[in-house]
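# Structural features, examined
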Amino acid sequence: AARAAVELAAQTSARVRAIHVLADGQISRALHGSSASATEERRARQAAAVLHFVADLAMRAGVELETTSLTGEPAKVILDEAVRWPADVVVLGRAGDRHVGQPYIGSDVRHVLEFATLPVLVVPAMEAVRPR
């Protein structure tokens, strides 16, 4: 999704706002079996790594980028931030891990698609993309 967003921005001379959202429920699950400070440090490193990856893509493409890391219900945070910024389009990855019998898109992506008031581009994982 990051690659697609940066490529689209480069083609249209647009800016990108990349956000990392950790779901509220993940905080309590992450605290199970480890100290709060260690978990918070790990979360901060993971968010920074994701946003650094997107920043590197944007820099290489000459795209202006703003990044932020937020906590909350992912779909709600994404929709609220898209309106607040304001975005022209929301670009999301299709889903996390997919197992037999599960839908092709995750619940957060479905929620964004259902309630978005602007276009949403859903991008499959790189390994799901087949060359033409």
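For the structure given in this document, a descriptive report is provided here. (Residues numbered from 1 in each chain as written. Predicted model: local features only at pLDDT ≥ 70, side-chain atom pairs only at ≥ 80, totals over all residues. Heavy atoms only, no water.)

### A short note on the pairing of strand β3 (residues 90-93)
With burial as the criterion, only one face of β3 is covered, namely that bearing Val90 and Leu92; the residues Val91 and Gly93 on the opposite face remain uncovered. Pairing of β3 with strand β4 (residues 120-123) involves 4 bridges; the strand directions are parallel. Residue pairing in the sheet places Gly93 in a bridge with Val123 of β4. (Buried < 20%, exposed > 50% of the residue type's maximum accessible area, 1.4 Å probe, protein only. Helix = DSSP H or I, 4+ residues; strand = E, 2+ residues; numbered from the N terminus. Pairing = 2+ DSSP bridges.)

### With respect to the side chain of Arg17
Considering the arrangement of structural elements, one finds Arg17 in strand β1 (residues 16-23). With a relative accessible area of 17%, Arg17 lands in the buried category. Within polar-contact distance, the side chain of Arg17 engages the side chain of Glu81 at 2.3 Å. With near-sequence residues (within four places) excluded, Arg17 lies in contact with Glu66, Thr68, Glu81, Arg84 and Trp85. (Polar contact = N/O pair within 3.5 Å; in protein donor to acceptor, adjacent residues only side chain to side chain. Contact = heavy atoms within 4.5 Å.)

### A look at helix α1 (residues 2-12)
Listed in full, the buried residues belonging to α1 are Ala5, Val6 and Ala9. End-on, the buried residues of α1 take up no more than an arc of 95°, which puts them together on one face. Exposed side of α1, more than 90 degrees from the buried face: Glu7 and Gln11 are the residues found there. At the exit of α1 stands Ser13, carrying a positive phi of roughly 55°. (Arc of directions from axis to C-beta.)

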